[in-house]
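The lines below spell out each chain.
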2 protein chains.
Amino acid sequence: MVIFIDMDDVIADTYGKHIDMYNEEFNKNLSLEDFKSGEVWQNVPEIHQDSIRLHARTKGFFRALEPIKDSIRILKELSEKHEVFIASAAMQFPNSLKEKSEWLDQFFPFISWQHRILCGHKYILKGDLLIDDRSLNLDKFDGNTLLFTSPHNIHENSHDRVNSWEEVARKLL
Amino acid sequence: MVIFIDMDDVIADTYGKHIDMYNEEFNKNLSLEDFKSGEVWQNVPEIHQDSIRLHARTKGFFRALEPIKDSIRILKELSEKHEVFIASAAMQFPNSLKEKSEWLDQFFPFISWQHRILCGHKYILKGDLLIDDRSLNLDKFDGNTLLFTSPHNIHENSHDRVNSWEEVARKLL
(Lines give C-alpha, C1' and ligand atoms only; values in the text may rest on other atoms or scores of the structure.)
Protein backbone atom coordinates (compact mmCIF):
# COMPACT_ATOMS: atom_id res chain seq x y z
CA MET A 1 0.00 0.00 0.00
CA VAL A 2 1.24 3.49 -0.89
CA ILE A 3 0.53 5.88 2.01
CA PHE A 4 1.00 9.65 1.99
CA ILE A 5 1.35 11.37 5.34
CA ASP A 6 1.09 15.10 5.89
CA MET A 7 3.56 16.89 8.19
CA ASP A 8 1.99 19.87 9.97
CA ASP A 9 -0.40 18.79 12.73
CA VAL A 10 -0.06 15.15 11.69
CA ILE A 11 3.54 14.26 12.53
CA ALA A 12 4.76 17.75 13.52
CA ASP A 13 3.06 19.70 16.30
CA THR A 14 2.54 23.01 14.51
CA TYR A 15 -0.53 23.90 16.54
CA GLY A 16 1.37 23.44 19.81
CA LYS A 17 4.26 25.60 18.60
CA HIS A 18 1.84 28.40 17.71
CA ILE A 19 0.50 28.26 21.26
CA ASP A 20 4.02 28.29 22.75
CA MET A 21 5.04 31.29 20.67
CA TYR A 22 1.81 33.08 21.50
CA ASN A 23 2.35 32.49 25.21
CA GLU A 24 5.86 33.84 24.98
CA GLU A 25 4.97 36.91 22.92
CA PHE A 26 1.99 37.95 25.02
CA ASN A 27 3.03 36.53 28.39
CA LYS A 28 0.14 34.04 28.52
CA ASN A 29 -0.09 30.51 29.84
CA LEU A 30 -2.46 28.76 27.45
CA SER A 31 -2.31 25.04 26.67
CA LEU A 32 -3.94 22.82 24.04
CA GLU A 33 -6.89 22.22 26.35
CA ASP A 34 -7.81 25.91 26.01
CA PHE A 35 -8.30 25.46 22.27
CA LYS A 36 -11.54 23.59 21.78
CA SER A 37 -11.96 24.29 18.07
CA GLY A 38 -10.74 26.46 15.23
CA GLU A 39 -7.32 27.69 14.18
CA VAL A 40 -4.99 29.03 16.87
CA TRP A 41 -5.43 32.59 15.63
CA GLN A 42 -9.21 32.30 15.84
CA ASN A 43 -8.91 31.65 19.58
CA VAL A 44 -7.04 34.81 20.49
CA PRO A 45 -8.08 38.49 20.63
CA GLU A 46 -8.30 40.09 17.22
CA ILE A 47 -5.39 42.45 17.86
CA HIS A 48 -3.10 39.42 18.40
CA GLN A 49 -4.17 37.48 15.33
CA ASP A 50 -1.74 38.98 12.82
CA SER A 51 1.14 38.05 15.07
CA ILE A 52 0.18 34.37 14.91
CA ARG A 53 -0.20 34.52 11.15
CA LEU A 54 3.47 35.57 10.94
CA HIS A 55 4.78 32.56 12.89
CA ALA A 56 5.07 30.29 9.87
CA ARG A 57 7.26 32.88 8.16
CA THR A 58 9.58 33.11 11.17
CA LYS A 59 13.03 31.62 10.64
CA GLY A 60 13.37 28.41 12.61
CA PHE A 61 9.64 27.86 13.17
CA PHE A 62 9.34 24.57 11.29
CA ARG A 63 12.73 23.31 12.50
CA ALA A 64 11.66 23.66 16.14
CA LEU A 65 8.41 21.68 16.05
CA GLU A 66 7.93 18.72 18.37
CA PRO A 67 6.98 15.42 16.75
CA ILE A 68 3.36 14.42 17.40
CA LYS A 69 3.04 11.75 20.10
CA ASP A 70 3.86 8.22 18.86
CA SER A 71 4.31 9.37 15.25
CA ILE A 72 7.97 8.32 15.03
CA ARG A 73 7.44 4.82 16.37
CA ILE A 74 4.27 4.13 14.38
CA LEU A 75 5.64 5.56 11.11
CA LYS A 76 8.70 3.39 11.49
CA GLU A 77 6.51 0.31 11.79
CA LEU A 78 4.23 1.48 8.96
CA SER A 79 7.19 2.07 6.66
CA GLU A 80 8.39 -1.49 7.18
CA LYS A 81 5.04 -2.84 6.00
CA HIS A 82 3.91 -0.21 3.47
CA GLU A 83 5.46 2.34 1.11
CA VAL A 84 5.25 5.52 3.18
CA PHE A 85 5.71 9.01 1.74
CA ILE A 86 5.72 12.31 3.61
CA ALA A 87 3.71 14.88 1.64
CA SER A 88 3.73 18.46 2.91
CA ALA A 89 2.17 21.48 1.21
CA ALA A 90 5.35 23.37 2.01
CA MET A 91 5.83 25.35 -1.18
CA GLN A 92 3.80 28.19 0.34
CA PHE A 93 6.72 28.94 2.66
CA PRO A 94 10.02 28.68 0.77
CA ASN A 95 11.95 29.39 3.96
CA SER A 96 10.49 26.24 5.45
CA LEU A 97 11.76 23.86 2.78
CA LYS A 98 15.23 23.25 4.17
CA GLU A 99 13.97 23.31 7.75
CA LYS A 100 11.45 20.61 6.93
CA SER A 101 14.12 18.52 5.26
CA GLU A 102 16.41 18.85 8.29
CA TRP A 103 13.53 18.15 10.66
CA LEU A 104 12.79 14.91 8.83
CA ASP A 105 16.50 14.01 8.91
CA GLN A 106 16.40 14.41 12.69
CA PHE A 107 13.15 12.69 13.58
CA PHE A 108 12.30 10.49 10.59
CA PRO A 109 15.67 9.45 9.10
CA PHE A 110 14.11 6.16 7.99
CA ILE A 111 12.01 8.09 5.43
CA SER A 112 14.52 8.53 2.61
CA TRP A 113 14.71 11.65 0.44
CA GLN A 114 13.03 9.66 -2.34
CA HIS A 115 9.98 9.37 -0.10
CA ARG A 116 9.65 13.05 0.77
CA ILE A 117 7.33 15.33 -1.19
CA LEU A 118 6.99 19.09 -0.79
CA CYS A 119 4.07 20.22 -2.89
CA GLY A 120 1.06 22.50 -3.14
CA HIS A 121 -2.04 20.64 -4.28
CA LYS A 122 -2.24 17.03 -3.09
CA TYR A 123 -4.70 15.77 -5.68
CA ILE A 124 -1.74 15.06 -7.94
CA LEU A 125 -0.64 12.24 -5.62
CA LYS A 126 -1.28 8.69 -6.79
CA GLY A 127 -1.56 6.14 -4.02
CA ASP A 128 -3.87 4.26 -1.69
CA LEU A 129 -4.21 6.42 1.40
CA LEU A 130 -3.70 10.03 2.48
CA ILE A 131 -3.52 10.93 6.17
CA ASP A 132 -3.99 14.69 6.58
CA ASP A 133 -5.52 17.20 8.98
CA ARG A 134 -7.07 19.29 6.18
CA SER A 135 -10.34 18.19 4.53
CA LEU A 136 -9.37 20.43 1.65
CA ASN A 137 -6.55 18.02 0.82
CA LEU A 138 -8.52 14.85 1.52
CA ASP A 139 -11.60 15.88 -0.50
CA LYS A 140 -9.81 15.75 -3.83
CA PHE A 141 -7.52 12.79 -3.14
CA ASP A 142 -8.24 9.80 -5.34
CA GLY A 143 -7.93 7.07 -2.71
CA ASN A 144 -8.73 6.32 0.92
CA THR A 145 -8.49 9.12 3.45
CA LEU A 146 -7.98 9.58 7.17
CA LEU A 147 -8.56 12.93 8.86
CA PHE A 148 -6.04 13.40 11.67
CA THR A 149 -7.78 15.24 14.48
CA SER A 150 -6.75 18.79 15.26
CA PRO A 151 -8.81 21.50 16.99
CA HIS A 152 -9.24 23.24 13.64
CA ASN A 153 -11.02 20.22 12.08
CA ILE A 154 -13.03 19.04 15.07
CA HIS A 155 -16.40 19.84 13.47
CA GLU A 156 -15.73 18.16 10.12
CA ASN A 157 -17.22 14.79 9.35
CA SER A 158 -16.73 14.01 5.68
CA HIS A 159 -13.77 11.65 6.24
CA ASP A 160 -12.88 8.80 8.57
CA ARG A 161 -11.18 10.31 11.58
CA VAL A 162 -8.17 9.23 13.66
CA ASN A 163 -7.43 10.93 16.97
CA SER A 164 -3.92 9.59 17.52
CA TRP A 165 -1.12 7.58 15.96
CA GLU A 166 -2.14 4.68 18.17
CA GLU A 167 -5.46 4.71 16.33
CA VAL A 168 -3.69 4.74 12.98
CA ALA A 169 -1.66 1.74 14.11
CA ARG A 170 -4.77 -0.18 15.09
CA LYS A 171 -6.20 0.42 11.61
CA LEU A 172 -3.11 -0.25 9.52
CA LEU A 173 -0.72 -2.50 11.44
CA MET B 1 -4.73 17.83 -19.25
CA VAL B 2 -2.47 17.62 -16.18
CA ILE B 3 1.17 17.99 -17.24
CA PHE B 4 4.23 17.52 -15.01
CA ILE B 5 7.45 19.15 -16.14
CA ASP B 6 10.87 18.39 -14.71
CA MET B 7 13.31 21.21 -13.93
CA ASP B 8 16.95 20.17 -14.43
CA ASP B 9 17.86 19.86 -18.11
CA VAL B 10 14.24 20.43 -19.13
CA ILE B 11 13.53 24.04 -18.16
CA ALA B 12 16.82 24.78 -16.33
CA ASP B 13 20.16 24.35 -18.08
CA THR B 14 21.96 22.28 -15.48
CA TYR B 15 24.19 20.58 -18.05
CA GLY B 16 25.37 23.94 -19.38
CA LYS B 17 26.15 25.21 -15.90
CA HIS B 18 28.26 22.13 -15.18
CA ILE B 19 30.26 22.90 -18.34
CA ASP B 20 30.69 26.57 -17.37
CA MET B 21 31.90 25.67 -13.90
CA TYR B 22 34.22 23.03 -15.28
CA ASN B 23 35.72 25.51 -17.73
CA GLU B 24 36.28 27.99 -14.96
CA GLU B 25 37.81 25.50 -12.52
CA PHE B 26 40.16 23.89 -14.98
CA ASN B 27 40.73 26.78 -17.37
CA LYS B 28 39.08 25.03 -20.33
CA ASN B 29 36.92 26.30 -23.14
CA LEU B 30 34.43 23.50 -23.76
CA SER B 31 30.92 24.07 -25.09
CA LEU B 32 27.82 21.86 -25.39
CA GLU B 33 28.96 20.73 -28.86
CA ASP B 34 31.92 18.99 -27.24
CA PHE B 35 29.55 16.76 -25.26
CA LYS B 36 28.12 14.24 -27.70
CA SER B 37 26.73 11.82 -25.12
CA GLY B 38 26.82 10.87 -21.48
CA GLU B 39 26.85 12.90 -18.27
CA VAL B 40 29.13 15.92 -18.06
CA TRP B 41 31.46 14.12 -15.64
CA GLN B 42 31.78 11.15 -18.01
CA ASN B 43 33.26 13.49 -20.63
CA VAL B 44 36.16 14.80 -18.58
CA PRO B 45 39.39 13.18 -17.34
CA GLU B 46 38.87 10.89 -14.39
CA ILE B 47 40.83 13.11 -12.00
CA HIS B 48 38.34 15.96 -12.67
CA GLN B 49 35.18 13.92 -12.24
CA ASP B 50 34.75 14.29 -8.48
CA SER B 51 34.88 18.03 -8.86
CA ILE B 52 31.86 17.98 -11.19
CA ARG B 53 29.96 15.70 -8.83
CA LEU B 54 30.29 18.39 -6.15
CA HIS B 55 28.71 21.16 -8.26
CA ALA B 56 25.13 20.34 -7.29
CA ARG B 57 26.06 20.70 -3.63
CA THR B 58 27.63 24.11 -4.21
CA LYS B 59 25.70 27.01 -2.74
CA GLY B 60 24.11 29.06 -5.51
CA PHE B 61 24.40 26.37 -8.21
CA PHE B 62 20.68 25.90 -8.83
CA ARG B 63 19.89 29.60 -8.41
CA ALA B 64 22.32 30.51 -11.21
CA LEU B 65 21.01 28.22 -13.97
CA GLU B 66 19.91 29.67 -17.28
CA PRO B 67 16.40 28.79 -18.45
CA ILE B 68 16.36 26.35 -21.37
CA LYS B 69 15.66 28.09 -24.71
CA ASP B 70 11.97 28.91 -25.28
CA SER B 71 10.90 27.17 -22.06
CA ILE B 72 9.46 30.30 -20.44
CA ARG B 73 7.37 31.35 -23.42
CA ILE B 74 6.07 27.85 -24.21
CA LEU B 75 5.32 26.98 -20.58
CA LYS B 76 3.34 30.19 -20.26
CA GLU B 77 1.23 29.22 -23.24
CA LEU B 78 0.92 25.63 -22.04
CA SER B 79 -0.21 26.74 -18.60
CA GLU B 80 -3.01 28.80 -20.11
CA LYS B 81 -4.38 25.73 -21.87
CA HIS B 82 -3.46 22.91 -19.49
CA GLU B 83 -2.83 22.39 -15.78
CA VAL B 84 0.94 22.58 -15.60
CA PHE B 85 2.99 21.44 -12.58
CA ILE B 86 6.74 21.67 -12.12
CA ALA B 87 8.03 18.43 -10.59
CA SER B 88 11.67 18.29 -9.57
CA ALA B 89 13.43 15.45 -7.75
CA ALA B 90 15.06 18.07 -5.56
CA MET B 91 14.89 16.38 -2.18
CA GLN B 92 18.31 14.84 -2.80
CA PHE B 93 19.86 18.29 -2.35
CA PRO B 94 18.21 20.09 0.58
CA ASN B 95 20.31 23.18 -0.09
CA SER B 96 18.70 23.45 -3.50
CA LEU B 97 15.11 23.65 -2.27
CA LYS B 98 14.97 27.38 -1.60
CA GLU B 99 17.13 28.16 -4.62
CA LYS B 100 14.75 26.26 -6.85
CA SER B 101 11.78 28.07 -5.37
CA GLU B 102 13.45 31.46 -5.92
CA TRP B 103 14.53 30.48 -9.44
CA LEU B 104 10.91 29.62 -10.31
CA ASP B 105 9.79 32.94 -8.80
CA GLN B 106 12.19 34.72 -11.12
CA PHE B 107 11.66 32.88 -14.39
CA PHE B 108 8.29 31.12 -14.03
CA PRO B 109 6.21 33.37 -11.73
CA PHE B 110 3.06 32.25 -13.56
CA ILE B 111 3.51 28.75 -12.03
CA SER B 112 2.01 29.28 -8.57
CA TRP B 113 3.39 27.61 -5.44
CA GLN B 114 0.41 25.25 -5.56
CA HIS B 115 1.78 23.94 -8.85
CA ARG B 116 5.33 23.28 -7.69
CA ILE B 117 6.41 19.86 -6.52
CA LEU B 118 9.78 18.93 -5.03
CA CYS B 119 9.91 15.18 -4.67
CA GLY B 120 12.01 12.06 -4.98
CA HIS B 121 10.23 9.32 -6.90
CA LYS B 122 7.91 10.58 -9.64
CA TYR B 123 5.75 7.49 -9.96
CA ILE B 124 3.57 8.93 -7.21
CA LEU B 125 2.37 11.67 -9.58
CA LYS B 126 -1.14 11.34 -10.99
CA GLY B 127 -1.68 13.10 -14.29
CA ASP B 128 -1.68 12.81 -18.05
CA LEU B 129 1.85 13.64 -19.15
CA LEU B 130 5.37 13.80 -17.72
CA ILE B 131 8.12 15.66 -19.58
CA ASP B 132 11.51 14.64 -18.17
CA ASP B 133 15.08 14.05 -19.27
CA ARG B 134 15.46 10.86 -17.22
CA SER B 135 14.04 7.57 -18.49
CA LEU B 136 14.19 6.37 -14.91
CA ASN B 137 11.41 8.82 -14.07
CA LEU B 138 9.40 8.25 -17.25
CA ASP B 139 9.51 4.44 -17.09
CA LYS B 140 7.36 4.23 -13.98
CA PHE B 141 5.02 7.14 -14.71
CA ASP B 142 1.42 6.06 -15.19
CA GLY B 143 0.56 8.30 -18.18
CA ASN B 144 2.05 9.67 -21.39
CA THR B 145 5.72 10.55 -21.45
CA LEU B 146 8.10 12.79 -23.39
CA LEU B 147 11.86 12.43 -23.08
CA PHE B 148 13.49 15.86 -23.31
CA THR B 149 16.77 15.47 -25.16
CA SER B 150 20.01 15.92 -23.26
CA PRO B 151 23.45 14.51 -24.13
CA HIS B 152 23.09 12.02 -21.27
CA ASN B 153 19.94 10.42 -22.77
CA ILE B 154 20.86 10.57 -26.44
CA HIS B 155 21.03 6.77 -26.84
CA GLU B 156 17.74 6.00 -25.14
CA ASN B 157 14.69 5.10 -27.20
CA SER B 158 11.98 3.79 -24.92
CA HIS B 159 9.98 7.05 -24.88
CA ASP B 160 8.79 9.63 -27.40
CA ARG B 161 11.50 12.26 -27.66
CA VAL B 162 11.40 16.05 -27.94
CA ASN B 163 14.53 18.00 -28.83
CA SER B 164 13.31 21.48 -27.95
CA TRP B 165 10.47 23.44 -26.42
CA GLU B 166 9.38 24.40 -29.93
CA GLU B 167 8.79 20.70 -30.55
CA VAL B 168 6.77 20.42 -27.34
CA ALA B 169 4.68 23.36 -28.52
CA ARG B 170 3.98 21.70 -31.86
CA LYS B 171 2.75 18.60 -30.04
CA LEU B 172 0.67 20.22 -27.33
CA LEU B 173 -0.42 23.69 -28.44
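Our structure's up above, just so we're on the same page.
Calculation criteria
Residues numbered from 1 in each chain as written. Chains lettered and ligands numbered in written order. Predicted model: local features only at pLDDT ≥ 70, side-chain atom pairs only at ≥ 80, totals over all residues. Heavy atoms only, no water. Helix = DSSP H or I, 4+ residues; strand = E, 2+ residues; numbered from the N terminus. Buried < 20%, exposed > 50% of the residue type's maximum accessible area, 1.4 Å probe, protein only. Contact = heavy atoms within 4.5 Å. Areas by Shrake-Rupley, 256 points an atom, 1.4 Å probe, with all protein chains shown as cover. Lys, Arg positive; Asp, Glu negative; His and termini not counted. Charge placed at Lys NZ, Arg CZ, Asp CG, Glu CD. Patch = residues over 30% accessible without salt bridge, like charges linked within 9 Å, V, L, I, M, F, W, Y side chains within 5 Å. Salt bridge = Lys/Arg side-chain N within 4 Å of Asp/Glu carboxyl O. Polar contact = N/O pair within 3.5 Å; in protein donor to acceptor, adjacent residues only side chain to side chain. Least-squares fit on C-alpha atoms with pLDDT ≥ 70 in both. Phe/Tyr/Trp six-rings, centres within 6.5 Å; stacked < 30°, edge-to-face > 60°. Lys NZ or Arg CZ within 6 Å of the ring centre and 35° of its normal. Axes fitted to C-alpha atoms, helices over the stretch in contact; angles between N-to-C directions. Parallel < 35°, antiparallel > 145°, perpendicular 65-115°, else oblique. Left-handed = near helix turned anticlockwise from the far one by under 90°. Buried area = accessible area lost by both parts, 1.4 Å probe.

**Q** Break down the overall build of chain A for me, with residues and values.
**A** When its secondary structure is counted, chain A shows 6 helices and 6 strands. Starting at the N terminus, the α and β elements of chain A follow one another as β-α-α-α-β-α-β-β-α-β-β-α. Expressed as a percentage of the 173 residues in chain A, the buried residues total 53%. Put simply, 63% of the contacts in chain A that link residues at least 6 apart link residues at least 24 apart. Counting every atom, chain A has about 8,200 Å² of accessible surface; 47% of that belongs to carbon and sulfur. Each charge sign in chain A was given a centre, from 21 positive and 29 negative side chains, and these centres are 2 Å apart.

**Q** Which residues make up a negative patch on the surface, and what are the values?
**A** A contiguous patch of negative charge, built from A:Asp20, A:Glu24, A:Glu25 and A:Glu66, is present on the exposed surface. With respect to the element layout, A:Glu24 can be found in helix H1 (residues 14-26).

**Q** Residues and numbers for helix H6 (residues 165-172) of chain B, please.
**A** Residues and elements named next belong to chain B. Turning to H6, its buried residues are Trp 165, Glu 167, Val 168, Ala 169 and Leu 172. Where the residues of H6 are buried, they touch strand E1 (2-5), helix H3 (71-81), strand E4 (129-132), strand E5 (144-148) and strand E6 (161-162). Capping the start of H6 is the job of one residue whose side-chain oxygen sits 3.4 Å from the backbone nitrogen of Glu 166: Ser 164.

**Q** Account for the relation of the copies chain B and chain A, naming residues and giving values.
**A** Least-squares fitting of chain B to chain A yields an RMSD of 0.0 Å, with the superposition described by an axial translation of 0.0 Å and a rotation of 180°. Such values leave the two copies arranged in the relation of a two-fold axis.

**Q** Which residues make up the packing of aromatic side chains, and what values go with them?
**A** In the structure shown here, the tally under the stated rule is 22 aromatic pairs over all chains. Judged by centre distance (6.3 Å) and plane angle (80°), the ring pair of A:Phe85 and B:Tyr123 falls under edge-to-face. Note that A:Phe85 is positioned in strand E2 (residues 83-88) and B:Tyr123 in the loop between strand E3 (116-118) and E4, a pairing that runs across two chains. Taking relative accessible area as the criterion, A:Phe85 reaches 0% and is therefore assigned buried. Between A:Trp103 and A:Phe107, the aromatic rings sit 5.1 Å apart at their centres with planes inclined by 55°, giving tilted as the arrangement. Taken as a pair, A:Trp103 and A:Phe107 lie in helix H4 (residues 96-107) at a separation of 4 residues, close to a single helical turn. For the pair shown, A:Trp103 and A:Phe107 are each scored as buried. These aromatic residues form a ring-pair network of at least three members: A:Phe4, A:Phe85, A:Phe141 and B:Tyr123. Over the ring of B:Trp41 we find B:Arg53; its NZ or CZ atom is 4.2 Å from the centre of that ring. Above the ring of B:Phe110, the side-chain terminus of B:Lys76 is found at 5.3 Å from the ring centroid.

**Q** Summarise the packing of H1(A) against helix H2 (residues 46-54) of chain A; cite the residues concerned and give the values.
**A** All names here are of chain A. For the pair H1 and H2, interaxial distance at closest approach is 10 Å and the crossing angle is 125°. With respect to H2, the axis of H1 lies oblique. The handedness of the crossing between H1 and H2 is right-handed. Contacts between H1 and H2 involve His 18, Tyr 22, Glu 25 and Phe 26 from the first element and His 48, Ser 51 and Ile 52 from the second.

**Q** Help me get a handle on the interface of chain B and chain A, residues and values and all.
**A** Taken together, the contacts link 25 residues of chain B with 25 residues of chain A. Regarding the contact of chain B and chain A, the summed buried area is about 2,500 Å², with carbon and sulfur atoms giving 67% of it. Three residues, B:Trp113, B:Ile124 and B:Lys126, lead the burial of chain B against chain A; their summed loss comes to 27% of the area buried on that side. If you look at where chain B meets chain A, you find 2 salt bridges. Taking the shortest distance from any N to any O, the salt bridge between A:Asp142 and B:Lys126 comes out at 4.0 Å. Remark: the boundary between chain B and chain A carries 9 residue pairs in polar contact (both at pLDDT 80 or more). Mapped onto the side of chain B that touches chain A, the elements with two or more residues apiece are strand E2 (83-88), helix H4 (96-107) and E3 of chain B.

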